[in-house]
Each structure stands twice: as structure tokens, then as C-alpha cells.
Amino acid sequence: MSQPSPCAGMVDLHHHLLPGVDDGAADLAAAVALARLAVAEGITTVVATPHTLDGVYDVARPAAAAALAELAAALAAAGLVLDVRLAAEVHLHESIPALLQAEPAITLDGRGRYLLLELPHQGPPPSLPEFLFRLAAAGTTPVIAHPERNLAVRKNPAMATEWARAGSKLQLTAGSLSGMFGAPIRACAERLLRDRAAHVVATDAHSPERRPPRVCDAFAAAAAIVGEQGARTLFVDNPALVLAGASPDTIESPPAQPRRGLFAALFR
Ligand SMILES: [Fe+2]
């Protein structure tokens, strides 16, 4: 009998699962394959987060809802039990406050409390801290997508730690922890874990072949830093709190565990 997944019951808050709407699942077959892989990893809920306002993709809600309906029917026909919700990954844009007013359902909890926010890849504008503050003051906590993949954060991880200290939540991508994107991105993700700046891990899956929703190896990598319970907090408990729209105060970054054995001796 196979071992149960350490991520059993995981809510994946960042996943480009919807068929044919952005650079995620190319078609229905790819979406079903992604869902099958997610279920095998122990994921029970996926929040589909199509790109919005990113300059290439701006997936409209009706198109996303239609794709979700098509996918739900295909999953049922395939006998796959996966709860798929609909939100969005929203690129940093001045129109976000107006968008939230008009369509709070694009948020991760569906009620306007947590927004999955994508930053410009090279680095954020100087006005970002003020923007994050204004968003939070209006009742929406930013969940910043994969800061470890951002060039400016890799040069200065303290920048992201400061966003977390000021109240934003940080989402690491599982593939960053498992080395899918290379050593510098893995090192930055580990640094954010050690600095207690990371709150949730999600897959940001795009395709069954190139960007699959693998989490078990990333869970082990996180557990080496924050312990098994800390990894459960990042992969399972905190994402469930975000989905439920729980108070931001309840979503904490787990503490790093003290290094043991040989490493403890080396780093003392
Ligand atoms: Fe994404």
C-alpha cells in the first residue's frame, strides 16, 4: 500500500488549470491531466487563477466560468474528485481597487479578503508598499505570488520580508523549493522560509509536462527548514484559512527549526 501524501487535503491557491484561457492548460485534455496529477499529490481543492491584467492575458469572468463548467463536467466523467474554485492571479495595476469593487469574486476566498497579486517580473515600482497598504486598509490582504522568482527580491530578499511584516502574505511556488527553477530561486525561497516571511505554498501549475502540480518533494524541502508541522502549515492549513477568508492574524509563517547534527556544528 502506498504512503499517504504529506500534502493530503491541500488547497492549491495558485493553479492555471482552466482549459484554453491563458498560458496554463492548453485544452480540456491537459486540464484533466493536471487535475489527475493534483489528486495524486493529495490536493483536494484547486483555486483556478487565470492571469488577469498582465498585459497579455486579461481573462474575463464569463470566459473563466465557462471553462470551469466545461472542466467540471469532464472531471465528473473521468471520476476525478477535485473541488475547483474560481479566482484570478491579478497583475499589479492601478485599476485593481476598482476591479475589486466590481468583482470581489476574483479573490481567493471569493469575498474580497485575499487577492493573489502578481508583481512585475523585474521588480516592483517604488510605490508598491503604499499600494499594498491601501489595499489592506480597504479590507483586502494581498497574497503576493512567488516573490522568490522576482529578480529584485532575489537581489534583496529583505524587500519581501518587509512586505510580510507590513501585513501582506507571501506565496512560494512548490517548484521553487524543489529546484525546478534553478539554484538562485531555490535559495531565495529557502531564505524567505528562514526569515518567517512565507505563508503559503502553491503549485502555480501550468501544464502536465512542463509545470506539473508536484508538491511532495517541495514539502520535504520545506520540512527540512520549518519541520513537518511547519510544512503542513504552509501547504495545507494556511491555504485552507485563506480559502475560508479567515482573519489575516490567524495566518502566520512557521518558525524555522534549529539546524541539527553536522550542520549545527558547522553553522554554530
Ligand atoms: Fe501564475
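Remember, predicted model here, so these are calculated numbers, not experimental data.

Trainee: Just checking my understanding: could you explain the coordination of the iron ion for this structure?
Mentor: Geometrically, a metal with four donors at the corners of a regular tetrahedron has ideal angles of 109.5 degrees, and one with six donors at the corners of a regular octahedron has ideal angles of 90 or 180 degrees. Binding of the iron ion to the protein goes through H14 (NE2), H16 (NE2), E89 (OE) and D204 (OD), at separations of 2.0 to 2.3 Å. Viewed at the metal, the four donor atoms of the iron ion are separated by angles of 80 to 166°, and the geometry they form is irregular. Positions of the donor residues of the iron ion along the chain correspond to the pattern H-x1-H-x72-E-x114-D. Remark: D204 occurs in the loop between β9 (200-202) and α9 (216-243) and H16 occurs in the loop between β1 (10-15) and α1 (28-40); sequence separation between them is 188 residues.

Trainee: Hey, could you run me through the pattern of salt bridges in this one?
Mentor: Between side chains of opposite charge, pairing is possible as soon as their charged atoms come close. Using the criterion set out here, one finds eight salt bridges in the structure. Here E130 ties to R134 by a salt bridge, and the two come within 3.6 Å at their closest N and O atoms. Remark: R134 and E130 occur in helix α4 (residues 128-137); sequence separation between them is four residues, near one turn of the helix. Residue classification places E130 among the exposed residues on the basis of a relative accessible area of 51%. Here E162 ties to R165 by a salt bridge, and the two come within 2.8 Å at their closest N and O atoms. Here E162 pairs with R165, and both are found in helix α6 (residues 158-165), just three residues apart, close to one helical turn. Looking at E162, the relative accessible area reads 39%, which means it is partly exposed. Salt bridges here are not isolated pairs; linked through shared partners, they connect R149, D204 and R211.

Trainee: Looking at this structure, I do not really get the sheet that holds β9. What am I missing?
Mentor: Sheet strands pair via backbone hydrogen bonds, and the direction of the pair is either parallel or antiparallel. Read across the sheet, six strands follow the order β3-β5-β6-β7-β8-β9 without closing on themselves; strand pairing throughout is parallel. The open sheet has two edge strands, β3 (51-52) and β9, and neither has a second partner. Here three bridges tie strand β7 (residues 141-145) to strand β8 (residues 169-173), and the two strands are oriented parallel to one another. Paired with A145 across the bridge in β8 is Q171.

Trainee: Just checking my understanding: could you explain empty space enclosed by the protein for this structure?
Mentor: Empty space among the atoms becomes visible once a probe the size of a water molecule is rolled across them. Counted under the stated rule, the structure contains one cavity of 30 Å³ or more. Of the pockets and cavities examined, the largest cavity occupies roughly 50 Å³. Along its surface, the largest cavity is lined by T173, A174, G175, M180, F181, T203, R211, P212 and R214.

Trainee: Explain the pairing of β1 here, please?
Mentor: In the case of a regular strand, side chains alternate between the two sheet surfaces. For β1, the buried fraction is high: six of the six residues fall into the buried class. Taken together, β1, α1 and strand β2 (residues 43-48) constitute a β-α-β crossover, and its handedness is right-handed.

Trainee: I'm lost on the sheet that holds strand β4 (residues 83-86) in this one. Help?
Mentor: Pairing in this open sheet of three strands is parallel, and the strands run β1-β2-β4 from one edge to the other. Of all strands in the sheet, those with a lone pairing partner are β1 and β4, marking the two edges. Here the strands of the sheet are splayed against their neighbours by 20° on average, with no regard to which way each runs. Pairing of β2 with β4, which is carried by four bridges, proceeds in the parallel orientation. Bridge pairing links V47 to R85 in β4.

Calculation rules
- Residues numbered from 1 in each chain as written.
- Predicted model: local features only at pLDDT ≥ 70, side-chain atom pairs only at ≥ 80, totals over all residues.
- Heavy atoms only, no water.
- Donors = N, O, S within 2.8 Å, 3.2 Å for Na, K, Ca; no water.
- Tetrahedral: all angles 85-135°; square planar, octahedral: opposite > 155°, others 65-115°.
- Helix = DSSP H or I, 4+ residues; strand = E, 2+ residues; numbered from the N terminus.
- Salt bridge = Lys/Arg side-chain N within 4 Å of Asp/Glu carboxyl O.
- Buried < 20%, exposed > 50% of the residue type's maximum accessible area, 1.4 Å probe, protein only.
- Pairing = 2+ DSSP bridges.
- 1 Å grid on protein atoms, 1.4 Å probe; cavity = no way out; pocket = protein on both sides within 12 Å on 5 of 7 lines; lining within 4 Å.
- Points joined across faces, edges and corners; volume = space filled by probe spheres on them.
- Right-handed = clockwise from strand over helix to strand, strands pointing away.
- Axes fitted to C-alpha atoms, helices over the stretch in contact; angles between N-to-C directions.

Remember that the coordinates give geometry; whether it matters functionally is a separate question.
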